[in-house]
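Coordinate analysis (summary)
Spelled out from the first residue to the last, the chains are:
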Amino acid sequence: MNGSRIAAVGHYQPAKVLTNEDLAGMVDTSDEWIRSRVGIRTRHIAGPDEPVDELAAHAAAKALAAAGLAPGDIDLVLVATSTAIDRSPNMAARVAARLGIPSPAAMDVNVVCAGFTHALATADHAVRAGAAGRALVIGADKMSDVTDWADRTTCVLVGDGAGAAVVEASEEAGIGPVLWGSVPEMGHAVRIEGQPARFAQEGQSVYRWATTQLPAIARRACERAGLAPEDLAGVVLHQANLRIIEPLALKLGAVNAVVARDVAESGNTSAGSIPLAFSKLLEQGKISSGQPVLLFGFGGNLSYAGQVVRCP
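Everything in this summary refers to the structure shown in the same document. (Residues numbered from 1 in each chain as written. Predicted model: local features only at pLDDT ≥ 70, side-chain atom pairs only at ≥ 80, totals over all residues. Heavy atoms only, no water.)

Examining the overall build of the protein
Spelled out, the test is: To qualify as a helix, a DSSP run of H or I must reach at least 4 residues; to qualify as a strand, a run of E must reach at least 2; elements of each kind are numbered from the N terminus. In this treatment the radius of gyration is a C-alpha quantity, and the globule benchmark scales as 2.2 Å times the residue count to the 0.38 power. Using a 1.4 Å probe on the protein chains alone, a residue whose accessible area is under 20% of its type maximum counts as buried, one over 50% counts as exposed, and one in between counts as partly exposed. Exposure was quantified through the Shrake-Rupley algorithm and a 1.4 Å probe, taking into account, for residues, occlusion by the shown protein chains and nothing else. Within this scheme the basic residues Lys and Arg register as positive and the acidic residues Asp and Glu register as negative, but His and the chain ends are omitted. In plain terms, the charge of a residue is placed at NZ if it is Lys, CZ if Arg, CG if Asp and CD if Glu.
A tally of regular secondary structure across the protein gives 11 helices and 14 strands. For a compact globule of 312 residues, the expected C-alpha radius of gyration is about 20 Å, and the protein comes in at 18 Å, within 12% of that figure. For the protein, buried positions account for 58% of its 312 residues. When the accessible surface of the protein is summed, it comes to about 12,200 Å², and 48% of that surface belongs to carbon and sulfur atoms. Put simply, the protein has 26 plus and 32 minus side-chain charges, and the middle of one group is 4 Å from the middle of the other.

Considering the sheet that holds strand E4 (residues 76–80)
The test is simple: DSSP-based pairing: two strands are paired if at least 2 bridges between them are found. Note on definitions: angles span 0 to 180 degrees between N-to-C directions of axes, and those axes are lines fitted to C-alpha atoms, for helices only across the stretch in contact. In what follows, a contact means two residues having at least one pair of non-hydrogen atoms within 4.5 Å.
Read from one edge of the open sheet, five strands run E1-E7-E6-E4-E5, paired in mixed fashion. The open sheet has two edge strands with one neighbour each: strand E1 (3–12) and strand E5 (105–109). On average, adjacent strands in this sheet sit at an angle of 20° to one another, irrespective of strand direction. Sheet analysis places E1 next to strand E7 (residues 160–170), joined by nine bridges and oriented antiparallel. Paired with Val9 across the bridge in E7 is Ala165. Contacts from helix H5 (residues 115–128) reach E1, E4, E5, strand E6 (134–142) and E7 within the one sheet, and its direction differs from that of E4 by about 165°.

Describing the nonpolar core
Heads up, the condition is: Residue types Ala, Val, Leu, Ile, Met, Phe, Trp, Tyr and Cys, when buried and joined through side-chain atoms within 4.5 Å, form a set referred to as a nonpolar core.
Within the largest apolar cluster, 46 residues are counted, with the highest numbers of intra-cluster contacts made by Leu214, Leu232, Val235, Leu237, Leu294, Phe296 and Phe298. Mapped onto this core, the elements with two or more residues apiece are helix H2 (31–38), helix H7 (203–212), helix H8 (214–224), strand E11 (234–237), helix H9 (242–252), strand E13 (292–299) and strand E14 (303–310). The element best represented in this core is H9, accounting for six residues. Discounting chain neighbours no more than four positions away, the residues touching Leu232 are Cys222, Leu252, Ala254, Asn256, Ala257, Pro292, Val293, Leu294 and Val308. Ranked by size, the runner-up nonpolar core spans 33 residues in total, among them Leu78, Val167, Ala277 and Cys311.

Some words on the sheet that holds strand E12 (residues 258–259)
Strand order across the open sheet formed by five strands is E8-E14-E13-E11-E12, with mixed pairing between neighbours. A strand with exactly one partner marks an edge of an open sheet, and here the two such strands are strand E8 (179–182) and E12. Two strands pair when backbone bridges link them, and E11 and E12 are joined in this way by two bridges, in the parallel orientation. Bridged to Gly234 within E12 is Val258. Against the sheet, H5 engages E8, E13 and E14, with an angle of about 55° to E14. Relative to E11, H9 is tilted by about 135°, and along the sheet it contacts E11, E12 and E13.

As for the side chain of Asn268
Test applied: Nitrogen and oxygen atoms within 3.5 Å of one another constitute a polar contact, given that in protein one can donate a hydrogen and the other can accept it, and given that sequence-neighbouring residues count only through two side-chain atoms.
When you line up the elements, Asn268 lands in the loop between helix H10 (263–266) and helix H11 (273–283). Taking relative accessible area as the criterion, Asn268 reaches 8% and is therefore assigned buried. Among the polar contacts made by the side chain of Asn268, one reaches the side chain of His238 at a distance of 3.5 Å. With residues near it in sequence (within four places) discarded, Asn268 still touches Cys113, Met143, Leu157, Val158, Gly159, His238, Gln239, Ala240 and Val263.

Brief notes about the pairing of E5
As defined by bridge partners, E4 adjoins E5 across five bridges and the pair is classed as parallel. The residue of E5 that forms the bridge with Ala80 is Val109.

Description of the state of the cysteines
Heads up, the rule is: Disulfides are defined in this document as cysteine sulfur pairs within 2.5 Å.
Taken as a whole, this structure holds zero disulfides when the rule is applied. No disulfide involves Cys113; its sulfur sits 17 Å from that of Cys155, the nearest cysteine.

Shown next as structure tokens:
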């Protein structure tokens, strides 16, 4: 086996839906203000009895079922999250315990909004190196736990959710080479810090960076896979803001691709956003098995990671 592939995906969102009208009753905002600035209509919010590992486990269980696998078939669990409340046990170990996965390597990956694509690359490397047979890769965040609900500049953006992928060895590469990096001196532009921890960002700095610097980086991720942007069937960018997603996709030049716009109904779910949106596109039949899709995460730490994958 010389490569790895995504065998199946799954996603999960809490039942509670928070609308723009609901938010207008909480802070000085309106449906028109939110839609015109970020393109979000609704978001899902987990309750106090729904921790991050529960969201992650639901998504992972769906991916396992879709792959026709049992928990014992997994020997590596990676959870991308930046909203873990406790340091130990980590989210990966908690998810493994919930699912009954025996003795896996279990690691968390904290690269905020680019976490899932970093974790997917790590799983690809581990499987191709023979260090793992099958990996469960999950992006999950409960942004509502780190949000100041009196701050209208941030509370309108966030949602809770999770997505997961099963990665396994394959004769051909179904996961392209990753292109990843960061701008660490600009790490202050997106933050989750303090006691209690709170999400904050410098919106204009992030917008300028994302719309001017990232299109060329995303094109290089396609080049590493040996594809031109017009060859892509789908583009799944971090679901931060439609005002970032749409110009970035346009500048990328993926003229034949379906562009994920799940942010409109899910908000920014940080590490959960890419696998959540990817799983929904597949579930809705908007992209098909074997087609090439660019997954491209960016955000906290001004980090980025992207790779072209073949749909399961």
